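Coordinate inspection notes
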Amino acid sequence: MAPAQRHFHSRSPAETLRLGAELGRRLPPGSFVGLRGDLGSGKTTFCQGLAIGLGVQDPAAVHSPSFTLVNLYEGPVPLAHLDFYRLSSSDELETIGWRDLFDDQTVIVVEWVEKILAAVPPSWLEVTLNFGEGDERHIRYTPHGSASAAWLPPDER
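Residues numbered from 1 in each chain as written. Predicted model: local features only at pLDDT ≥ 70, side-chain atom pairs only at ≥ 80, totals over all residues. Heavy atoms only, no water.

Right, let's talk about the overall build of the protein chain for a bit. Scanning the protein chain for helices and strands turns up three helices and seven strands. Scored against the burial criterion, the 157 residues of the protein chain give a buried share of 45%. Put simply, of all contacts in the protein chain between residues at least 6 apart along the chain, 65% involve residues at least 24 apart. When the accessible surface of the protein chain is totalled, it reaches about 7,600 Å², and 52% of it is carbon and sulfur. (Helix = DSSP H or I, 4+ residues; strand = E, 2+ residues; numbered from the N terminus. Buried < 20%, exposed > 50% of the residue type's maximum accessible area, 1.4 Å probe, protein only. Contact = heavy atoms within 4.5 Å. Areas by Shrake-Rupley, 256 points an atom, 1.4 Å probe, with all protein chains shown as cover.)

Structure representation (structure tokens):
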């Protein structure tokens, strides 16, 4: 049976940020979110919104860790933000301390999650951002595993 998806429409970066914040407020500690989308589709903006929703101390400091691969942000619910655009293979995960990031407190968000699908936990949320006209984005949430379906906000379609 295919997972129940939710669809959202963002007309601006501010709306993408708002949608991320709404989801961030719903995520329990220890959640895993994988982001998909072309370059410039709003993955980092969405992640900044997640940081706002999680209560990260300085959500404006959230930026794509394209070269460092991992950024950690403190807050009531810590956020580990990973960007695997430059990752050559999933073999590199061990060199960045992948297993050490998983605990029952930290929310992990991975941009370019499609590069590491074999390594994601059994319950996770896939967020796909697609271009629309101008600043518009079509955002789709796909839960994987039974727990992640409870994280979803109501569909806006």
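Next comes the rest of the description.
Attention now goes to the side chain of T128. Tracing the sequence through the fold places T128 in strand β6 (residues 124-131). Look past the residues within four positions of T128 in its chain and what remains in contact with it is R36, H138, I139 and R140.

We now examine helix α2 (residues 43-54). Helix length check: α2 (12 residues) gives 16 Å between terminal C-alpha atoms against 16 Å at 1.5 Å per residue, within 8%. Those residues of α2 that sit buried are K43, F46, C47, G49, L50, A51, G53 and L54. In the core, the buried residues of α2 are packed alongside α1 (13-26), β2 (32-36), β4 (79-83), β5 (107-111), β6 and β7 (137-144). Within two residues after α2, G55 carries a phi angle of roughly 85°, on the positive side. (Expected span 1.5 Å × (residues − 1).)

Attention now goes to the confidence of the model for the protein chain. For the protein chain, mean pLDDT is 83; residues scoring 70 or higher make up 88% of the total. Within the protein chain, helix α3 (residues 98-101) has the poorest average pLDDT of any element, 80, and β2 the best, 93. (pLDDT = per-residue confidence, 0-100.)

Let us look at the packing of aromatic side chains. A full pass over the atoms with the stated rule returns four aromatic pairs. Pairing F32 with W124 gives two aromatic rings, centres 6.1 Å apart and planes at 80°, and the pair type is edge-to-face. Separated by 92 residues along the polypeptide, F32 in strand β2 and W124 in strand β6 bring together distant segments of the chain. With respect to burial, F32 and W124 carry one shared label: buried. Seen in terms of ring centroids, F46 and Y141 are 6.1 Å apart; in terms of plane orientation they differ by 70°. Their pairing is edge-to-face. One end of the pair, F46, is in helix α2; the other, Y141, is in strand β7, with 95 residues separating them in the sequence. For the pair shown, F46 and Y141 are each scored as buried. Among the aromatic side chains, those forming a connected cluster through ring pairs are F8, F46 and Y141. (Phe/Tyr/Trp six-rings, centres within 6.5 Å; stacked < 30°, edge-to-face > 60°.)

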